[in-house]
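A look at the structure
One-letter residues, chain by chain:
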Amino acid sequence: MITELLETYNAQFFVQYASSRDANFFYSTGFRVHDPVLYVLGSDGTDLLVVPDMEKGRAERESRVREIAGLGDIGYYENLRYYRDPRTALAQTYLELLLSHGARKVLVPSNFPSFLSFYLLKQLEVEVVENPFSKMRAVKRRDEIEKIKEVADITIKAFEHGLNFIKARKRCEVVRNEIETYLYSRRYFAEDTIVSSGKLSADPHHIGMGELEKHVVVDIFPRSRVHGYHADFTRTVLLEDFKEIEEMLEACIEAKNRAIKMIKEGVFASEVHQKVCDILEDHGYHTLRHKAGEGFIHSTGHGIGLEVHELPRIFESGEKLKAGMVFTIEPGLYYRKWGGVRVEDTVVVKKNGCEVLTPYPDRVDLR
């Protein structure tokens, strides 16, 4: 894919400057590093990671990159003595490195830092492109799917742990803290876990606060602190009789399950989204097709992996589903008068169907 990209744009190199907090950088290098470093892929076969000298040995042991260079190897300290400014010295060192490899044009992703882009533009043509690793990450390898399954399993256990505190009618903040603490103690990180009750739940991403009311939406999307992969799971918990909320939830459950049944390789993502809209509209609810501002007001799902939101997007795109794609199916309905409901599972596409990675009863009734 990188070679094709370079040929398309008549460029010699694709360059990333990032840390492992950048999912595309971590995916492409397999190297964990806190501060940004340079990664260069070239049409001439260059596969080079440039790191501080103190990180060189670790990068050689841990990364998937063919060649590792320390800053000292490529003249950074000589440039630092000349320019006296670390940023200028770094940019000049990177420019010299690219020129020495015959670069005339380089491609950079949209999050490439502007200070480096402007410096490289002194002698090179620089073009911003979509990071090709974003699309590559959409189809998961077997080992990636296993990692997501692992996180999905602990997510279900964390939800069940949280149910104990929901039964005791603890405040939203308490339930959230218990879920996140449970996960952290088992080497998973969760932040902004949604435990939203009452009318606040009409905002899909409101994390929730205060006393539990007649229902509560619990959305958990943790990340492994070991390998970095996520899962995502939501259930709406019924606590008291609430006719409107119960009817909304039933419609969402039907929409989710019928969408899951149609998922297989070759189906268009837009077909799945439109089926969810059709079902919810058949139940008398608004969707984005009505532009009403209430009802089903988001996409049907999103890819999940090293990021909690990544490709593919299960919405109105023309993208075909491929075996190995992992994403959520999460129909929801949101009305300011009553609040919101959502039910969500993480699934992996197979050739002739899909596997639900978060198997759990759709209806959680604590009345």
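Residues numbered from 1 in each chain as written. Predicted model: local features only at pLDDT ≥ 70, side-chain atom pairs only at ≥ 80, totals over all residues. Heavy atoms only, no water.

Here the focus is empty space enclosed by the protein. Tallying each qualifying case throughout the model produces 1 cavity of 30 Å³ or more. Roughly 40 Å³ of internal volume is contained in the largest cavity. Taken together, Gln16, Tyr17, Ala18, Asp22, Pro109, Asn111, Phe112 and Asn131 make up the full set of residues lining the largest cavity. Residues that form the lining of the largest cavity fall into these classes: 4 nonpolar, 3 polar and 1 charged. (1 Å grid on protein atoms, 1.4 Å probe; cavity = no way out; pocket = protein on both sides within 12 Å on 5 of 7 lines; lining within 4 Å. Points joined across faces, edges and corners; volume = space filled by probe spheres on them. Nonpolar A, V, L, I, M, F, W, Y, C, P; charged D, E, K, R; others polar.)

Moving on to helix 9 (residues 172-184). With 13 residues, helix 9 should cover 18 Å at 1.5 Å per step; its first-to-last C-alpha distance of 18 Å lies within 8% of that length. Every buried residue of helix 9 is accounted for by Cys172, Val175, Arg176, Ile179, Glu180, Tyr182 and Leu183. One side of helix 9 holds all its buried residues, which, seen down the axis, span an arc of 155 degrees. On its buried face, helix 9 sits against helix 8 (142-167), strand 7 (188-189), strand 8 (194-197) and strand 9 (215-220). (Helix = DSSP H or I, 4+ residues; strand = E, 2+ residues; numbered from the N terminus. Expected span 1.5 Å × (residues − 1). Buried < 20%, exposed > 50% of the residue type's maximum accessible area, 1.4 Å probe, protein only. Arc of directions from axis to C-beta. Contact = heavy atoms within 4.5 Å.)

Compared with the 38 Å implied by 1.5 Å per residue over 26 residues, the 38 Å span of helix 8 between its first and last C-alpha is a close match. Following helix 8 by one or two positions, Arg169 has its phi on the positive side, about 60 degrees.

In this section: the environment of Val216. Tracing the chain through its elements places Val216 in strand 9. We classify Val216 as buried; its relative accessible area is 0%. Setting aside residues up to four positions removed in sequence, Val216 forms contacts with Ile166, Val195, Ser196, Ser197, Arg235, Thr236, Val237 and Leu239.

The full count for this structure, using the stated rule, is 11 aromatic pairs. Between the aromatic rings of Phe159 and Phe233, the centroid separation amounts to 5.3 Å while the plane-to-plane angle is 75 degrees, which identifies the pairing as edge-to-face. With a gap of 74 residues between them, Phe159 in helix 8 and Phe233 in strand 11 (residues 233-238) connect regions that are remote in the sequence. When sorted by exposure, Phe159 lands in the same class as Phe233, which is buried. (Phe/Tyr/Trp six-rings, centres within 6.5 Å; stacked < 30°, edge-to-face > 60°.)

This next bit is on the pattern of salt bridges. Evaluated as defined, the whole model comprises 32 salt bridges. A salt bridge links Glu125 to Lys105, with the shortest nitrogen-to-oxygen separation between them at 3.8 Å. Within this pair, whereas Glu125 is found in strand 6 (residues 125-128), its partner Lys105 is found in strand 5 (residues 105-108), the two being separated by 20 residues in sequence. Glu310 is the partner of Arg137 in a salt bridge, and the nearest nitrogen-oxygen pair spans 2.5 Å. One end of the pair, Arg137, is in the loop between helix 7 (132-136) and helix 8; the other, Glu310, is in strand 13 (residues 310-314), and 173 residues separate them in sequence. (Salt bridge = Lys/Arg side-chain N within 4 Å of Asp/Glu carboxyl O.)

Here we take up unusual backbone geometry. The residue after Leu311, namely Pro312, is reached through a cis peptide bond having omega 5 degrees. Assignment of secondary structure puts Pro312 in strand 13. In this structure, Arg84 takes a positive phi of about 70 degrees despite not being glycine. Judged by its relative accessible area of 71%, Arg84 falls in the exposed class. Look at Asp192: it is not a glycine, yet its phi comes out positive at around 60 degrees. Within the secondary structure, Asp192 sits in the loop between strand 7 and strand 8.

Our next topic: the sheet that holds strand 6. Strands sit in the order 4-3-2-1-5-6 across an open sheet of 6 strands; the sheet is mixed. Strand pairing shows two members of the sheet lacking a second neighbour, strand 4 (67-70) and strand 6, which therefore form its edges. The mean angle between the axes of side-by-side strands here comes to 25 degrees, regardless of whether they run parallel or antiparallel. Of the strand pairs in this sheet, strand 5 and strand 6 are connected by 4 bridges, and their pairing is parallel. Looking across to strand 6, one finds that Leu107 is bridged to Glu127. (Pairing = 2+ DSSP bridges. Axes fitted to C-alpha atoms, helices over the stretch in contact; angles between N-to-C directions.)

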